[in-house]
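Residue-level structural notes
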Number of protein chains: 2
Amino acid sequence: MTVTSLVTGGSGFIGSHLCEYLLGKGENVIAVDNLGSGRLENIGGVMGNDRFRFIRHDIREPLQIDGKIDFVYNLASRASPVDFFTQAEEILMTNSLGTYNMIQLALEKKARFLEASTSESYGDPTISPQPETYWGNVNPIGPRGCYDEAKRFSEALTMAFVRYHGLDGRIIRIFNTYGPRMRPDDGRVVPNFTMQALAGEPMTVYGEGSQTRSFCYVSDLVRGIYLAMNRDVRGEVINLGNPTEMTVLEFAKKIKAITGSSSEIVFRPLPENDPMQRRPDIGKAKRLLGWEPEVGLDEGLQLTIEWFRQSLNCPKPA
Amino acid sequence: MTVTSLVTGGSGFIGSHLCEYLLGKGENVIAVDNLGSGRLENIGGVMGNDRFRFIRHDIREPLQIDGKIDFVYNLASRASPVDFFTQAEEILMTNSLGTYNMIQLALEKKARFLEASTSESYGDPTISPQPETYWGNVNPIGPRGCYDEAKRFSEALTMAFVRYHGLDGRIIRIFNTYGPRMRPDDGRVVPNFTMQALAGEPMTVYGEGSQTRSFCYVSDLVRGIYLAMNRDVRGEVINLGNPTEMTVLEFAKKIKAITGSSSEIVFRPLPENDPMQRRPDIGKAKRLLGWEPEVGLDEGLQLTIEWFRQSLNCPKPA
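How each quantity is defined
The written sequence of each chain sets the order in which its residues are numbered from 1. To read the labels, note that chains go from A and ligands from 1, taken in the order they are written. For this predicted model, a pLDDT threshold of at least 70 governs which residues receive local features, and a threshold of 80 or more governs which side-chain atom pairs are given and counted, while totals over whole chains, interfaces and linings are taken from all residues. Values reported for side chains reflect all heavy atoms of the structure, with hydrogen atoms and water molecules removed beforehand. Here a strand pair is declared whenever DSSP counts at least two bridges between the two strands. Segments assigned H or I by DSSP are reported as helices when at least four residues long, segments assigned E as strands when at least two residues long, and all are numbered from the N terminus. For helices, the axis comes from a line fit to the C-alpha atoms of the stretch in contact; other axes are also lines fit to C-alpha atoms, and the angle between any two N-to-C directions lies between 0 and 180 degrees. Throughout, a contact is declared for two residues whenever any of their heavy atoms are within 4.5 Å. The patches reported here contain residues having more than 30% relative accessible area and no salt bridge. Joining distances are 9 Å for like charges and 5 Å for nonpolar side chains (Val, Leu, Ile, Met, Phe, Trp, Tyr). The accessible surface values rely on the Shrake-Rupley method and a 1.4 Å probe; as for residues, cover is taken only from the protein chains in view. A pairing counts as a salt bridge when a side-chain nitrogen of Lys or Arg comes within 4 Å of a carboxyl oxygen of Asp or Glu. Three exposure classes are used, based on accessible area relative to the maximum for each residue type with a 1.4 Å probe and protein chains only: buried under 20%, partly exposed in between, and exposed over 50%. Think of a nonpolar core as a cluster: buried Ala, Val, Leu, Ile, Met, Phe, Trp, Tyr and Cys residues, connected wherever their side-chain atoms sit within 4.5 Å. Each copy is superposed on the other by least squares, with the fit set by C-alpha atoms of residues at a pLDDT of at least 70 in both. Angles below 35 degrees are treated as roughly parallel, those above 145 as roughly antiparallel, those between 65 and 115 as roughly perpendicular, and all remaining angles as oblique. Each crossing gets its handedness from the near helix: less than a right angle anticlockwise from the far helix is left-handed, clockwise is right-handed. Here the term charged refers only to Asp, Glu, Lys and Arg, the term nonpolar to Ala, Val, Leu, Ile, Met, Phe, Trp, Tyr, Cys and Pro, and the term polar to all other amino acids, Gly among them. Buried area: the accessible surface (1.4 Å probe) lost by two parts on joining, summed over both.

Attention shifts here to the sheet that holds strand S5 (residues 112–118) of chain A. Residue and element names in this part refer to chain A. One open sheet accounts for seven strands, arranged S3-S2-S1-S4-S5-S6-S11; its pairing is parallel. Of all the strands in the sheet, the pair left with one neighbour each is strand S3 (52–56) and strand S11 (237–240). Between one strand axis and the next, the sheet turns through 20 degrees on average, direction left out of account. Where strand S1 (residues 4–8) meets strand S2 (residues 28–33), five bridges bridge the pair, whose relative direction is parallel. Looking at the pairing, Val-7 lines up with Ala-31 of S2. Along the sheet face, helix H2 (residues 88–109) touches S1, strand S4 (71–74) and S5 and points at about 160 degrees away from the line of S5. Sitting on the sheet, helix H5 (residues 218–230) touches S4, S5, strand S6 (169–174) and S11, and the angle it makes with S4 is about 135 degrees.

Below, the structure is given as structure tokens:
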């Protein structure tokens, strides 16, 4: 019998790639999204597929749905730093009440549940790379608290239902991911630098650019998410990300080179509580899922920048 | 015009003392409680007061209420470690959805809002004493995560509404508090040791008893809560507790002495993630509220043990 997966945030950046991947595996897919930050054009390519169904719904409301569901992938949440200041309420309640509603749905349908958490659970980490056993360094009352604490709450909630209510749940912590369909105004490093480079505008580095990030290409991530759902890892928390670390400044230079941009790199003050380093320890993902990233940074950036170029109708430099 | 205060968790240990204190200040008081861990006998003494009103209500549901409200004190939440394992869902949703509903009520009524958070926000702290600027050391997926993360979430939620929705909110972090009306089965040090000592049963110390606690008598705490609401400390987070530190073993010996018990002190393995030390830095409370504890430990323990003795009908030792 065909597997049916429900993906919340299904028309978002990562969610839409996951929907395509699951359809490619022969599954029925129900994408749920309130279109707050997700976009219908992200799922334009699968809208004609008769194994695909889109439901516009805000998971802060309970979701009634007929028929069987085998897997609930809970990816719904704004995740862009630019939204932390204008959409704090939505972020907090989507990850608390929304996650609660999706756990209830999973229990009702006897479905497996996957909570998409984040490396932001580690906050501004004091150790690197971060293993899943690290408790994190998060300011609960800081300007990023709305996202970090919302995600930590969603983890605690998932674990409570795993421990006391029989939920077959698992948690992944997604590190920086990039690829086609990122929002241009996302506020994160890849779209920021790419948009600036393509427009020939100054590329803005915060602080001295010595803070590091590690970037995972979206196809690698989506394969890891699938494995985390399909392996018997009930109650486990698993990092998914690319451990290849690079400073933000190196990143700016790489994107400048790939785009062939003449943009100047400029420096601006570091925002409050901006993490200085973030790098996954993926030993657990390797051990439990047999997973590690396969797409190199140059290849991934080429694909991503090409997508930005096309979607913006930017000409290639001569 | 008489001030009207609404106290959620109003029939709980701390909430009921707060209601009495506010009535003593001449206020109208509305106590809201779902009677999950609160008890009607805690408010038996004020039930005849015509400025007092009790509403049985679970704040996970929105609260409609007629008339003006000036202050919303949000104290509702189970807080006993014994409940972390059986009532995790209620704890998580009361502090997220419940806090959200009470913030909505405060906004609707243009009322000041006070969120009662906890020293558990600091988790197992790596510095002592803990100032409000310390980010804490909490395991989001551990067995205590349901409480610690729920409270950190409530702080982040309150701050989001202060920052972006005009809420006149403040947060207090309550450290260990003791006094009459603690639940005998509360699971915390004072009632545990007192019950065991009064019954002549072995007094159970976890680990070697070298972990420290600092205990604030409930009347001191309630005065601090009142000041935090009535001073202009919008957006502030303030520790309320007694910085006098003592090891758990010393505590057992003191209670054994005050009760005149012949109980033996026995040692049991330390539970997972039990904090090793917890001591408030109350410099901010002194500075902003002019507050510090006044009731000494011997005096407070005498009052508390006497209350336990009477409520249990235990005879005094000869």
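Our next topic: a nonpolar patch on the surface. A cluster of nonpolar side chains, Tyr-206, Leu-270 and Met-276 of chain A, forms an exposed patch at the surface whose accessible area comes to about 240 Å². If you trace the backbone, Tyr-206 of chain A turns up in strand S8 (residues 203–206).

What follows deals with the pattern of salt bridges. All names here are of chain A. Under the counting rule described, the total for this entry stands at 44 salt bridges over all chains. Salt-bridge contacts for Glu-236 lead to Lys-284; the nearest nitrogen and oxygen are separated by 2.8 Å. Taken together, the residues Glu-236 in the loop between H5 and S11 and Lys-284 in helix H7 (residues 283–289) connect sequence positions 48 residues apart. Under the relative-accessibility criterion, Glu-236 is labelled partly exposed at 29%. Assessed through its relative accessible area of 16%, Lys-284 is described here as buried. Each of Arg-78, Asp-83, Glu-90, Arg-183 and Asp-185 takes part in a single network of salt bridges with overlapping partners.

To continue, consider the nonpolar core. Grouped together as the largest cluster of nonpolar side chains are 66 residues, with contacts concentrated most on Leu-6 of chain A together with Leu-6 of chain B. Of all the secondary-structure elements, those providing two or more residues to this core are S2, H2 and helix H3 (145–164) of chain A together with strand S2 (28–33), helix H2 (88–109) and helix H3 (145–164) of chain B. Once residues lying within four places of it in the same chain are set aside, the contact partners of Leu-6 of chain B are Ile-30, Val-32, Leu-63, Ile-65, Ile-69, Phe-71, Val-72, Tyr-73 and Leu-105 of chain B.

It takes a turn of 180 degrees to lay chain A on chain B, together with a shift of 0.0 Å along the axis; the resulting RMSD is 0.0 Å. Expressed as an axis order, the relation between the two copies is that of a two-fold axis. With an isologous cut-off of 70% or more, the 100% of interface residues of chain A that recur at the interface of chain B puts this contact in the isologous class.

Let us now look at the packing of helix H4 (residues 189–199) of chain B against helix H6 (residues 248–259) of chain B. Residues and elements named next belong to chain B. As a packed pair, H4 and H6 sit with axes 9 Å apart at the nearest point and diverge in direction by 40 degrees. By the criterion of interaxial angle, the relationship of H4 to H6 is oblique. When you trace H4 past H6, the crossing you get is right-handed. In this structure, H4 uses Val-189, Val-190, Phe-193, Thr-194, Ala-197 and Leu-198 to contact H6, whose residues at the interface are Val-248, Phe-251, Ala-252, Ile-255 and Thr-259. Classifying every residue of the contact of H4 with H6 gives nine nonpolar, two polar and no charged.

On to unusual backbone geometry, then. For the bond from Ser-128 of chain A to Pro-129 of chain A, the omega torsion is -10 degrees, close enough to zero to count as cis. Among the structural elements, Pro-129 of chain A can be located in the loop between S5 and H3. Even without a glycine there, the phi angle at Leu-35 of chain B is positive, about 60 degrees. Considering the arrangement of structural elements, one finds Leu-35 of chain B in the loop between S2 and strand S3 (52–56).

At the interface, 39 residues of chain A touch 39 residues of chain B. Among the residues of chain A in contact with chain B, Trp-135, Ile-141 and Phe-153 of chain A are the three that bury the most area, contributing 23% of the side total. Linking chain A with chain B are two salt bridges, by the criterion used here. When the shortest N-O distance is used, the salt bridge between Arg-152 of chain A and Glu-149 of chain B registers 2.8 Å. Of all the elements in the fold, those that place two or more residues in the side of chain A that touches chain B are H2, H3 and S6 of chain A. The greatest single-element share of the side of chain A that touches chain B, amounting to 14 residues, is contributed by H3 of chain A. Classifying every residue of the side of chain A that touches chain B by side-chain character gives 23 nonpolar, nine polar and seven charged.

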